[in-house]
Amino acid sequence: MKKFKEPKSPNNLGKLLSVCLFMLFWCQVATPASEDTPSSLIEHAAFKAFVDKIISPKKIDKYLKYFTSDPHVASSARNNELADFVLKEWKSFGLEDVHLAHYDVLLSFPEEIRVELISPKKFRLRLREKAYPEDADTSRPEVGIPYNAYSLSGDITAPLVYACSGNPQDYDLLEKKGINLKGKIALVRYSVPYSYRGFKAYTAEKRGLAALLIYSDPQDDGIARGPVFPHGPWGPLSHIQRGGIPYDFIYPGDPLTPGWASKPGCQRIPEDKALSLPKIMSVPISAEDALPLIESIGGPEAPEEWKGALPVAYRLGGSQAIVHLKVKMKNPVKRIMNVIGCIKGTGKTEEIILVGNHRDAWVYGGHDPSSGTACLMEMARALAEAKKAGFKPQRTIYFGNWDAEEFTLTGSTEWGEEHREWLRKNLVAYLNVDSAAAGRDFSVQAVPCLAPLIIQALKEVKDPSGKTIYSCWKSEPSKKGTIVLASGSGRIDPLGSGTDHTVFLNHIGAPALNMTFSGDYGVYHSMYDNYYWMNHFGDPGMLYTAALAKIWSRMVIDLACSALLPLDNENYAQELERYLEEWADQHDPAWKKSKNLFFLIREMKKRASILTPYVLNQKQIDKESHSIQEINRLLIEIERDFIDAQGIPNRSWFKHLVFGCRYTYAVLLLPSLTEAAEAGDEEATIKALRLLEGALKRVIAKLKKAAVLLNK
Ligand SMILES: [Zn+2]
């Protein structure tokens, strides 16, 4: 039985090897299949086994070394060189339609940043990270000035206050203590767990502060957590978390083209009309630089929970410490380049599976994003090799290597906006990996219909310890000798914002996921997030990045090859019910307003359950007699039914009625409904409920239609 066409002319060793490998693995996997295993499943398994054999940790390591060999911020010569490199590699793999998709977008760079304590003593902040002889990359001059992209320019001298994480309730407490905030400079800590720094800027701007200094307290990601770089994964005292502060929770992408693509010559709004641009100065600083500021700040003692791990008394400030701050930024419109390529399907070629990762980094980008980029490269190579060996995905697989994600999710957003209609029609799912591995714990955030796809992949791929990733993911952390074994939450979390899936899920309405292996990581967006860090702490030997490449490839293969799309709407309905219960507990405990919506969600669950056995177990499908193509079309359209063209109130770019993001990037479930109820706006709450009911009715109608088609 021969399922796959061999390459026509295996005229070189690589091709020959591919064919041999393919035959070997096809035989291994195909043989044990039982009588009733349909050929499509055997093809899947052989395809996956072939890809597993190609994926090489050594090759990934080589890519990582190359991508991290120099700093490569968006629009820099090096980052553009890397775009060319990706382009050439993808062409050499045999990907099709490989091209650069470029956009001219507003970026943000520092010309001069000066921060100094004027009184009670004089101290000029170093604003640079310390070099270590163990790692030559830490002493290179190209590292540049750490900064917050899209900070306002200005020159001020003002008193300093300490505002803990810079959340609204932190400022409330300062005001309660009689500390006036107007025109002052706030010193705040980066948040653990992560909360987007742009939210800190937004909050400070709204509260009338003049500027923000954001530092990393050693309690959160430094010495208080464990050994620091170059001896451990945590951040040394001088590490600085760079990063953008735009308000991309209002709209991401080029601040001057909200909702449309930044093609050369397109219409642009003036900077002062751009709602995503901050109107406040902000500078990221190290704990080392924060220390003399906190020492001098004076004022009332800070609450216990505001105190960090620096050896000083944390105080709230207000008048004693005076800081001079000068920030001179330039915001040029610069060209950025996504690299796009595909493997064309052989059946439903218009249906697209999209995978992506960003390329640009604040400095070397060891973990974020180059581990992800190396992972993407290896997956692309493996899938292309498989195609050469005769494997045929039914659907077309698109690869996106995004640019300028670090600024404001720019490259993916512009591309998504440019191809909005095509993607709305054809995008089956978007699978994102930003950073691949900083440890051993698998974590994933996803739209619930992707759950079976995730679980299947995790059950099939093994952890380097020999257990499946699935069983590690479900287990508590444990120790074997000195090695901490892989573990995980065992949960699929809902998806917020903060990386490149945003346009595809929240704007276009495609099922999406983001995944990584996480672990101790205290050097985020600092120059220490580099090859040395990855090689010593993040993923020595690149075994977990390779495991992620296998997981990612499997998901792509299942989506691209399954006769019936493996999208589980019964699980979607179940999760929706849970989201609504959580909402109702808080805002509608008697279920008065939400009764109808609960009823519709249960109806969705009931209707979807008819499809579930077919979706979860492809072997029951009779491709000949079932109208599979029509059912697949309905399954693709279901996620789009949750899109409201008007968007959520005050943030019309975000159009998904189930998944949105808080200003911190955290997930905001049922965004219009939740925000309306939190604001106590009865009319808006009822409107949001009606919109959700409308979406559910559309979904139910499609599920009904699909069930009829199945029984044909
Ligand atoms: Zn990233």
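Anything mentioned here points back to the structure above.
Report follows, based on the coordinates. All of these numbers come straight from a predicted model, not from anything done at the bench. (Residues numbered from 1 in each chain as written. Predicted model: local features only at pLDDT ≥ 70, side-chain atom pairs only at ≥ 80, totals over all residues. Heavy atoms only, no water.)

## So, the overall build of the protein chain
- Tallying secondary structure elements over the protein chain gives 22 helices and 21 strands in all.
- For 712 residues, the compact-globule formula gives about 27 Å, and the C-alpha radius of gyration of the protein chain, at 26 Å, lands near that figure.
- When its C-alpha atoms are laid out on the principal axes, the protein chain stretches across 85 × 65 × 60 Å.
- When burial is assessed residue by residue, the protein chain has 62% of its 712 residues classed as buried.
- Across the protein chain, the fraction of contacts at a sequence separation of at least 24, relative to all contacts at a separation of at least 6, is 80%.
- In the form shown here, the protein chain has an accessible surface area of approximately 26,200 Å², with 53% of it arising from carbon and sulfur atoms.
- Of the charged side chains in the protein chain, 88 are positive and 85 negative, and the gap between their average positions amounts to 3 Å. (Helix = DSSP H or I, 4+ residues; strand = E, 2+ residues; numbered from the N terminus. Rg over C-alpha atoms; globule rule 2.2 N^0.38 Å. Buried < 20%, exposed > 50% of the residue type's maximum accessible area, 1.4 Å probe, protein only. Contact = heavy atoms within 4.5 Å. Areas by Shrake-Rupley, 256 points an atom, 1.4 Å probe, with all protein chains shown as cover. Lys, Arg positive; Asp, Glu negative; His and termini not counted. Charge placed at Lys NZ, Arg CZ, Asp CG, Glu CD.)

## Details of the nonpolar core
- By size, the foremost hydrophobic cluster in this structure holds 231 residues, and its most contacted members are Trp90, Phe399, Phe407 and Ile551.
- Looking at this core, the element that brings in the most residues is helix 17 (residues 543-561), giving 13 residues.
- Setting aside residues no more than four positions away along its own chain, Ile551 makes contact with Phe442, Ala457, Leu458, Val461, Ile469, Met515 and Phe517. (Core = buried A, V, L, I, M, F, W, Y, C linked by side-chain atoms within 4.5 Å.)

## Quick look at the environment of Arg381
- Here Arg381 is to be found in helix 9 (residues 366-388).
- Of the residues examined, Arg381 reaches a relative accessible area of 16% and is grouped as buried.
- In this structure, the C-alpha to C-alpha distance between Arg381 and Ser526, residues 145 residues apart in sequence, is 30 Å.
- The residues contacting Arg381, other than those within four sequence positions of it, are Ile54, Ser56, Lys59, Tyr63 and Phe93.

## Things to note about the side chain of Asn357
- With respect to the helices and strands, the residue Asn357 is situated in strand 12 (residues 352-358).
- With a relative accessible area of 0%, Asn357 lands in the buried category.

## Some remarks on the packing of helix 19 (residues 595-616) against helix 22 (residues 682-710)
- Where helix 19 contacts helix 22, the axes come no closer than 9 Å and their chain directions differ by 25°. Judged on the interaxial angle alone, helix 22 and helix 19 are roughly parallel. As for how helix 19 packs across helix 22, the hand of that crossing is left-handed. Facing Asn596, Leu597, Leu600, Ile601, Glu603, Met604, Arg607, Ala608, Ile610, Leu611 and Tyr614 of helix 19, the residues of helix 22 in contact are Leu689, Leu692, Glu693, Leu696, Lys697, Val699, Ile700, Leu703, Lys704, Ala706, Ala707 and Leu710.
- Residues that form the contact of helix 19 with helix 22 fall into these classes: 17 nonpolar, 1 polar and 5 charged. (Axes fitted to C-alpha atoms, helices over the stretch in contact; angles between N-to-C directions. Parallel < 35°, antiparallel > 145°, perpendicular 65-115°, else oblique. Left-handed = near helix turned anticlockwise from the far one by under 90°. Nonpolar A, V, L, I, M, F, W, Y, C, P; charged D, E, K, R; others polar.)

## A short note on the sheet that holds strand 10 (residues 317-330)
- Ordered by their spatial adjacency, 7 strands build an open sheet running 3-2-10-5-6-7-9, and the pairing between neighbours is mixed. Two strands bound the open sheet, and with one partner strand each, they are strand 3 (123-124) and strand 9 (281-285).
- By the bridge criterion, 5 bridges tie strand 6 (residues 185-189) to strand 7 (residues 211-215) in an arrangement that is parallel. Paired with Ile185 across the two strands is Ala211, which belongs to strand 7. (Pairing = 2+ DSSP bridges.)

## A short note on the pattern of salt bridges
- Counted under the stated rule, the structure contains 45 salt bridges.
- A salt bridge links Arg578 to Glu582, with the shortest nitrogen-to-oxygen separation between them at 3.3 Å. Taken as a pair, Arg578 and Glu582 lie in helix 18 (residues 569-587) at a separation of 4 residues, close to a single helical turn.
- What makes Arg578 partly exposed here is its relative accessible area of 34%.
- In this structure Glu582 comes out as partly exposed when scored by relative accessible area, which is 43%.
- Between Glu675 and Arg651 there is a salt bridge, with its nearest N and O atoms 2.8 Å apart. (Salt bridge = Lys/Arg side-chain N within 4 Å of Asp/Glu carboxyl O.)

## A closer look at the coordination of the zinc ion
- Protein-derived coordination of the zinc ion comes from His358 (NE2), Asp368 (OD), Asp434 (OD) and Asp434 (OD), at a distance range of 2.0 to 2.5 Å.
- Bound by 4 donor atoms, the zinc ion shows angles of 54 to 144° at the metal and therefore irregular coordination geometry.
- Between consecutive donors of the zinc ion, the numbers of intervening residues give the motif H-x9-D-x65-D. Taken as a pair, His358 in strand 12 and Asp368 in helix 9 lie far apart in primary sequence, 10 residues in all. There is no split in this pair, since His358 and Asp368 are both buried. (Donors = N, O, S within 2.8 Å, 3.2 Å for Na, K, Ca; no water. Tetrahedral: all angles 85-135°; square planar, octahedral: opposite > 155°, others 65-115°.)

## Looking at the state of the cysteines
- In this structure the tally under the stated criterion is 0 disulfides.
- Free cysteine: Cys342, not disulfide-bonded; nearest cysteine sulfur from Cys561 at 15 Å.
- Free of any disulfide, Cys472 has its nearest neighbouring cysteine sulfur in Cys375, separated by 17 Å. (Disulfide = S-S within 2.5 Å.)

## Describing the packing of helix 18 against helix 19
- Two numbers describe how helix 18 lies on helix 19: the axes approach to 7 Å, and their chain directions differ by 160°. Classed by the angle they form, the pair helix 18 and helix 19 counts as roughly antiparallel. Handedness of the crossing formed by helix 18 with helix 19: left-handed. Residue-level contacts link Asn569, Glu570, Tyr572, Ala573, Gln574, Leu576, Glu577, Leu580, Glu581 and Ala584 of helix 18 to Leu597, Phe598, Ile601, Arg602, Met604, Lys605, Ala608, Ser609 and Thr612 of helix 19.
- Here the residues of the contact of helix 18 with helix 19 are counted per class, giving 10 nonpolar, 4 polar and 5 charged.

## A closer look at the environment of Asn596
- Mapped onto the secondary structure, Asn596 falls in helix 19.
- Between the alpha carbons of Asn596 and Arg491 there is a distance of 29 Å; along the sequence they are 105 residues apart.

## What to know about helix 17
- Spanning 19 residues, helix 17 covers 27 Å between terminal C-alpha atoms, matching the ideal 27 Å at 1.5 Å per step.
- Helix 17 sits mainly inside the fold: 17 of its 19 residues count as buried. (Expected span 1.5 Å × (residues − 1).)

## Considerations on helix 21 (residues 671-678)
- The buried fraction of helix 21 is high, at 6 of 8 residues.
- For helix 21, the full list of buried residues reads Pro671, Ser672, Leu673, Thr674, Ala676 and Ala677.
- Once helix 21 finishes, Gly680 follows within two positions and takes phi at roughly 70°, a positive value.

## Some words on the packing of aromatic side chains
- Counted by the stated rule, this structure contains 45 aromatic pairs.
- Note on Tyr147 and Trp362: the rings are 5.6 Å apart at their centroids and 85° apart in plane angle, and the pair reads as edge-to-face. Of this pair, Tyr147 sits in the loop between strand 3 and strand 4 (148-149) while Trp362 sits in the loop between strand 12 and helix 9, and the two are 215 residues apart along the sequence. Each member of the pair, Tyr147 as well as Trp362, is classed as buried.
- Each ring, one from Tyr202 and one from Phe249, has its centre 5.3 Å from the other, and the planes form 85°; the classification is edge-to-face. With Tyr202 in helix 6 (residues 197-206) and Phe249 in the loop between strand 8 (243-244) and strand 9, this residue pair connects regions lying 47 residues apart in the sequence.
- For Tyr202, a relative accessible area of 16% corresponds to the buried category.
- Here the aromatic residues Tyr132, Tyr194, Phe229, Tyr521, Tyr524, Tyr528, Tyr532, Trp533 and Phe537 are joined through ring pairs into a cluster of three or more.
- For the cation-ring pair, Lys459 lies above Tyr470, with the distance from its terminal atom to the ring centre recorded as 4.8 Å.
- When the ring centre of Trp473 is taken as reference, the NZ or CZ atom of Lys474 above it lies at 5.3 Å. (Phe/Tyr/Trp six-rings, centres within 6.5 Å; stacked < 30°, edge-to-face > 60°. Lys NZ or Arg CZ within 6 Å of the ring centre and 35° of its normal.)

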